[in-house]
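Listed here are the chains, written in short residue letters.
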Amino acid sequence: MNSIEVTLISGRTARQGMGLEEGKFSERYTQSVTAVSLNPEDASSLGLVKGRLVKVSTEHGCVTVNWGGDGGLGRGMAFFPYGPWANQLYSSSTDGTGMPQFKGIRATVSAADGGKVPTIQEIVDSMRGGKTR
Amino acid sequence: MRYEDVVCPFCGCLCDDLEVSVEDGHITEVKNACGISRSKFMNHGANRLEHPMVDGKKASLDSAVKEAVDLLSKAERPLVYGLSSTECGAIGKAVEIAETMGGIIDNTSSVCHGPTILALQQVGESKASLGEIRNRADLVIFWGSNPTEAHLRHITRYSGMPKGMYVPEGRKGRKIIVVDVRETGSGKLADRFIKVRPGSDFELLQALRACVRGRELPAEEVAGVPMAEVKELADQMKEARFGIVFFGLGLTQSEGRHMNIDAAVGLVAELNRHTKFVLTPMRGHYNVAGANTVTTWQTGYPYAVDFSRGYPRYNPGEFTSVDLLSRGEVDATLVVASDPASNFPVDAATNLAKMPVVTLEQKTTPTTMMSKVAIPVATAGVEAEGTAYRMDGVPLRLKKLVEPPKGVHPDEEVLDMILKGLKEAKR
Amino acid sequence: MKDALIKGGFVFDPLNGVDGEKMDISLSNGRVVEKVGRGAEVVDATGMTVMPGGVDLHSHIAGSKINIGRLMRPEDHRKDQVPKGPITRGGVGYSCPSTFVTGYRYAQMGYTSVMEAAMPPLSARHVHEELNDTPIIDKAAFTLFGNNYFTLKYVRDGDHDRLKAFVAWLLRASRGYAVKIVNPGGVENWKWGRNVNGLDGNVDDYGITPRQIITSLARVNEELGLPHTIHLHCNNLGMPGNYKTTIDTMEVAKAVKPADGRKTTIHVVHVQFNALAGSNWGNVKSGAPMIAEYVNANPHVTLDLGQAIFTDTTTMTGDGPWQFNLWNMTGNKWVNSDVEMEAGAGVVPYTFKANNPANSVQWGIGVELALQVKDPWRVYMTTDHPNGGPFTFYPQVMAWLMSRKARTDAMNDMNKAIMKRTDLANNYREYTFSDLAVTTRAGTARALGLKDKGHLGVGADADVAVYRVNPETWRPSQYKELEKAFGRAAYTVKGGQVVVKDGEVVAAPMGATHWVDARVPEGLEKELMKDVEEEFKKYYTVSLRNYPVEDAYLPVQLVHRATGGEA
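In this text, all values refer to a predicted model and were calculated from it rather than measured experimentally. (Residues numbered from 1 in each chain as written. Chains lettered and ligands numbered in written order. Predicted model: local features only at pLDDT ≥ 70, side-chain atom pairs only at ≥ 80, totals over all residues. Heavy atoms only, no water.)

Undergrad: Which parts of the structure should I look at to understand the interface of chain C and chain B?
TA: How big an interface is tends to be reported as the loss of accessible area on association of its parts. Taken together, the contact pairs 58 residues of chain C with 62 residues of chain B. Roughly 5,000 Å² is buried in total at the junction of chain C and chain B, and carbon and sulfur atoms are behind 52% of that figure. Considering only the surface of chain C that becomes buried against chain B, Leu 71, Trp 192 and Thr 541 of chain C emerge as the three largest contributors, covering 14% of it. The interface formed by chain C and chain B holds 8 salt bridges in total. (Contact = heavy atoms within 4.5 Å. Buried area = accessible area lost by both parts, 1.4 Å probe. Salt bridge = Lys/Arg side-chain N within 4 Å of Asp/Glu carboxyl O.)

Laid out in structure tokens, this is it:
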């Protein structure tokens, strides 16, 4: 399986902001936070085409989401908007500061073989039924 | 009915020049608002929690409050969290609730600009209100901040476009520099974009400070930036008439956290020996500054405050919510004006799901879905009045433009009901 | 509320000429009355000292500056953690106390009115929100004017009438009580990183001088008939040699005609920091004698001490450039906060050390000022809380004023510079109980124009402090007993209600926020507003409509009308 190592950044987007004001279960919100942005060359190297899904993994978790190209990203970087999908990947460790590291962690990205983007209901259900790591 | 000079309750810009038209108790038009703000006003009535819920079933407000009081008073280690998207009266009540329960109160700054506060507690901060920037700044630096996606009118209203008393040319009288790990929309509109290696802002800030001090550094590049460019930036900062660094979560959430801010503060302080320079954190939510401000004047501390010994104690890392939740140290949570289930790393959110949660919210969120008690509340700034503090600490009064949905009350009122119930329970 | 009778104490009510007479004080409906009936609550003050409740005319207790101090100093809080009680909220104390604790602790010392010394109008709401969370005491806040754009503009243009209209309007918009001036011109220059070097320095972008600013505001103040004079923090604070600036500043106000009914035209604050002689911090010595000499010969001046306390405290002033200097001198953490169009501020922790020669001289200066200014009606005891030290140290300061032994005991532990560079060793004056009542309540209330405070005559507010010390038997050698008595009031009565008993808070009602509503002719106000509207659009980042403080921020208010400007 072809995969690349990236530095993962999370952050806000305007679409995410507009979406969450509609509601966290709105189409607009879901679409705005279930796509990871990749450098277009990186995306090509993974054989990604429009409509394919990607799997993003860190040592803390993994999630399957959509992808989009962003020329502003350098190679080896990925941007994943804040939200319940991105949070599957982050550690709760704060190094005593209270703040998890939401920016600049190592992640692996690969084309998702099958699988689908979990719905927000599924994510909530998995948290409710879940065990801590 | 047309309301003018309406204060927008979305982000730390707290724009107060909105025009909102209301007909038959509904908002029909919003002018001067950014896209996110428009979405908030026009959609405030959409997807609302219609009635209080207990265990997923419809309940009356009284029984929901009773259930909330019951589960909170039985808890050994309750947490009160959120508060950045509501007004100050509600925040004060939340503090009193935490004190009454002997629990912990924390707000969203612990995952946002908490590190900025930690740095302030170490080395300070040289800041100015946004009008000072508008009137005087000829060098504007955005560091680890992307206003084109998060503070949409910042550049238009404060930091880029407007004519100022000493910047009569407006945009042409200013140089905008963006420092970030990737070129964002903000980077594209800047006069100069500087790409910094992820996790290396600290080194670059320190190197700049050394250059400002006239030190020669034996390096060819710092943080991926060629040394010549580092020196050039340092000189540009020294030669500015009035410089400002707006910094965001790129600094607070990267490796180094508060030490990144510490370095930024130190650089700006050093620059004050040469010229006028200030820095301002780009606060995210419209009243996270208010959450810090109210909590500080009432308890002495800005967030992560524990009352279990009867007096307030402060210790980020120990009493901050992500830590508390991930370590399983809390057994009940009251969430106000926030969605931690969405915003916290999965371990912390999963542990939140394990305990009884009371949430005061407008719309369905992952947090309300895992709550034992969910109570709909009015949207401050649209359906309820109160105070909010702008990112630079300027307090403005939020207006009530329309009535909340039937049976829905402001946060402060519902919290007051819970507080009274908790005090009764103690007797 | 029940009537109350403060029975059998030794009453000091200098405003009404009562000097230790054994008498009863009757309280009804929140006021002092001639007498009350049998159902009254009796407070047994036998053998004790009875005074009006304390009136602190200069303290930093509410608003963005003190809150920055709180935010900055978790380590200060940990020294003084205050648990919640059955009727009191928890919090923190020491140099940056939380708001609830501030109210309780002032009341515990028998204080019933406190003035917040500096309010930037743009964040006036913040001040009022904090005052609303400060229990028991009555309060007011002084609006900053000395570096305000409109002040500078109207002074530059010689537009006296508009300046007058502006002062009246801004006091109302900010719900302020008095005109506060901090390093006039200097804070404006600091907005470009500069300062002003004295009364005749240049305020760069306006081509005016601090002297002009002070003169103009003082004249407007008196013409409006405001209850308090201008409240001024001089230029050159903290610079050895600055006593000259202070005297020159006082002289500026001499030519101003005072409002009806008073002789004073200026109140100079925390003069200790501005009474430095010598030429640098290495040879600094006391400038108190020169200042006292001037004050003694010039009845138009009042001042407060800004007494230094040997402890770790937090400096916070509206004097941005001074606070920058302090950062450079100490390397301590530094917060600067410039407010658009209006003001500035800075906060830097600082430790006064007894073995430090300069600090010991500063300590001496404060006490010397109090002893060498002859008229206690014009010199007031403050520590400029928390700049000189936390207000909870007031009883110690009182002891230094009333007991030479207290002073010499303290001086024995200090650097010998105290002996060589001040004249304290030769000063034998000791304040009487009456003097103390004047310098901490009667005099301050009078200076503030608070006619119902600071005295116990019929009609006064029922604010009374009872201290467990017998003024007839007390000797200055017993200064520790005095400290204890004034640190924990036997009783504090606020508005006729007993709020403190044996130093413990037993009730925490909400006090009132006082502010001044001054008026000018309608036409003049209209002209002003046209100008203000235009300028707001051009330069402020908030709408004019959102600027004035709404009624919602003053749940309990007391409005003082000033009619001098109406003619």
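Structure's up, so let's keep going.
Undergrad: For this particular structure, what's the right way to read the nonpolar core?
TA: Side chains that are nonpolar tend, in soluble globular proteins, to be buried together. Residues Phe 41 of chain B together with Val 167, Trp 169 and Phe 486 of chain C are the most contacted members of the largest nonpolar core, which totals 194 residues. Per element, the largest residue contribution to this core is 9 residues, and it comes from helix α6 (residues 160-174) of chain C. Taken together, domain 1 (48-111 + 286-426) and domain 2 (114-281) of chain B each give at least three residues to this core, which thus spans both. When neighbours within four sequence positions are excluded, Val 167 of chain C is seen to be in contact with Phe 145, Val 179, Leu 217, Val 220, Leu 224 and Leu 226 of chain C. Within the second largest apolar cluster, 113 residues are counted, among which are Val 95, Phe 319, Ala 348 and Ala 353 of chain B. (Core = buried A, V, L, I, M, F, W, Y, C linked by side-chain atoms within 4.5 Å. Buried < 20%, exposed > 50% of the residue type's maximum accessible area, 1.4 Å probe, protein only. Helix = DSSP H or I, 4+ residues; strand = E, 2+ residues; numbered from the N terminus. Domains from an automatic or database assignment.)

Undergrad: I'm lost on the packing of aromatic side chains in this one. Help?
TA: Given two aromatic rings, their pairing is described by the distance between the two centres and the angle made by the two planes. In the structure shown here, the tally under the stated rule is 37 aromatic pairs over all chains. Considering the side-chain rings of Phe 150 of chain C and Tyr 154 of chain C, the 6.3 Å spacing of their centres and the 40 degrees angle between planes classify their relative orientation as tilted. Placement of both Phe 150 of chain C and Tyr 154 of chain C in helix α5 (residues 149-157) is noted, with a separation of 4 residues, approximately one turn of the helix. Tyr 154 of chain C gets classed as buried once you look at its relative accessible area, which sits at 2%. For the cation-ring pair, Arg 136 of chain B lies above Trp 192 of chain C, with the distance from its terminal atom to the ring centre recorded as 4.9 Å. Of note, Arg 175 of chain C hangs over the ring of Trp 515 of chain C, and the distance from its end group to the ring centre comes to 4.9 Å. (Phe/Tyr/Trp six-rings, centres within 6.5 Å; stacked < 30°, edge-to-face > 60°. Lys NZ or Arg CZ within 6 Å of the ring centre and 35° of its normal.)

Undergrad: So what exactly am I meant to see when it comes to the domain arrangement of chain B here?
TA: All names here are of chain B. Domain annotation of chain B identifies domain 1 (48-111 + 286-426) and domain 2 (114-281). Of note, the centres of domain 1 and domain 2, computed from C-alpha atoms alone, are 34 Å apart. Between domain 1 and domain 2, the residue contacts involve 11 residues of the former and 14 residues of the latter. Where domain 1 abuts domain 2, roughly 950 Å² becomes buried across the two surfaces, and 59% of that area is made up of carbon and sulfur atoms. Contact with domain 2 buries area across many residues of domain 1, yet Arg 390, Met 391 and Asp 392 alone supply 53% of it, more than any other trio. At the surface where domain 1 touches domain 2, the tally comes to 0 salt bridges. Where domain 1 meets domain 2, there are 5 residue pairs in polar contact (both at pLDDT 80 or more). (Polar contact = N/O pair within 3.5 Å; in protein donor to acceptor, adjacent residues only side chain to side chain.)

Undergrad: I tried to follow helix α8 (residues 210-224) of chain C on my own but got confused; where do I start?
TA: Because an α-helix completes one turn every 3.6 residues, residues spaced three or four positions apart along the sequence face the same direction. Over its 15 residues, α8 of chain C runs 21 Å from end to end, which matches the ideal 21 Å to within 8%, given 1.5 Å per residue. Those residues of α8 of chain C not exposed but buried are Pro 210, Ile 213, Ile 214, Ser 216, Leu 217, Ala 218, Val 220, Asn 221, Glu 222 and Leu 224 of chain C. (Expected span 1.5 Å × (residues − 1).)

Undergrad: Help me understand the pattern of salt bridges, please; the structure alone is not making it clear to me.
TA: Should the charged atoms of two oppositely charged side chains come close, the side chains can pair. All names here are of chain C. Going through the model one piece at a time under the given rule, you end up with 79 salt bridges over all chains. For the salt bridge of Arg 31 with Asp 452, the shortest nitrogen-to-oxygen distance reads 3.3 Å. One end of the pair, Arg 31, is in strand β3 (residues 31-33); the other, Asp 452, is in the loop between α16 (433-448) and β21 (464-467), with 421 residues separating them in the sequence. Relative accessible area serves as the criterion here: at 35%, Arg 31 is assigned to the partly exposed category. For the salt bridge of Glu 522 with Lys 526, the shortest nitrogen-to-oxygen distance reads 3.1 Å. Of this pair, Glu 522 and Lys 526 are both found in helix α18 (residues 522-539), 4 residues apart, which corresponds to roughly one turn of the helix.

Undergrad: Honestly, the sheet that holds strand β10 (residues 175-180) of chain B in this entry has me stumped. Any pointers?
TA: The strands making up a sheet associate through hydrogen bonds between their backbones, and the pairing can be parallel or antiparallel. All names here are of chain B. The 5 strands lie next to each other as β11-β10-β9-β14-β15, forming an open sheet whose pairing is parallel. Every other strand in the sheet has two partners, leaving β11 (192-195) and β15 (276-281) as the edge strands with one partner each. Averaged over all neighbouring strand pairs, the angle between strand axes comes to 15 degrees, with direction disregarded. Pairing geometry for β10 and β11, over 4 bridges, is parallel. The partner of Val 179 across the bridge, within β11, is Ile 194. Helix α10 (residues 227-239) rests against β9 (139-143), β10, β11, β14 (242-247) and β15 of the sheet, and its axis sits at about 130 degrees to β11. (Pairing = 2+ DSSP bridges. Axes fitted to C-alpha atoms, helices over the stretch in contact; angles between N-to-C directions.)

Undergrad: Sorry, what's going on with the packing of helix α13 (residues 394-402) of chain C against helix α17 (residues 479-487) of chain C here?
TA: Geometry of a packed helix pair, given as the angle between the helix axes and the separation of the axes. All names here are of chain C. Their axes nearest at 8 Å, the elements α13 and α17 cross at an angle of 140 degrees. One way to sum up the angle between α13 and α17 is to call them oblique. Note that α13 runs across α17; the crossing there is right-handed. Of the residues in α17, those in contact with Pro 395, Gln 396, Met 398, Ala 399 and Met 402 of α13 are Tyr 479, Leu 482, Glu 483, Phe 486 and Gly 487. Classifying every residue of the contact of α13 with α17 by side-chain character gives 7 nonpolar, 2 polar and 1 charged. (Parallel < 35°, antiparallel > 145°, perpendicular 65-115°, else oblique. Left-handed = near helix turned anticlockwise from the far one by under 90°. Nonpolar A, V, L, I, M, F, W, Y, C, P; charged D, E, K, R; others polar.)

Undergrad: Please clarify how the sheet that holds strand β5 (residues 57-58) of chain B should be interpreted in this entry.
TA: All names here are of chain B. The strand order across the open sheet built from 9 strands is β5-β4-β20-β19-β18-β6-β7-β16-β17, with neighbouring strands paired in mixed fashion. For this open sheet the edge positions go to β5 and β17 (313-314), each flanked by a neighbour on one side alone. Bridging between strand β18 (residues 332-336) and strand β19 (residues 357-361) involves 4 bridges; their strand directions are parallel. If you follow Val 336 over to β19, its bridge partner there is Leu 360. Helix α2 (residues 61-74) contacts β4 (53-54), β6 (78-82), β18, β19 and β20 (373-376) of the sheet and is inclined by roughly 135 degrees relative to β20.

Undergrad: Teacher, can you tell me more about the environment of Val 33 of chain C here?
TA: All names here are of chain C. Along the chain, Val 33 falls in strand β3. For Val 33, a relative accessible area of 24% corresponds to the partly exposed category. As for Val 33 and Val 466, which are separated by 433 residues in sequence, their C-alpha atoms are 18 Å apart. Contact partners of Val 33, with chain neighbours within four places excluded, come to Ser 26, Leu 27, Ser 28 and Val 458.

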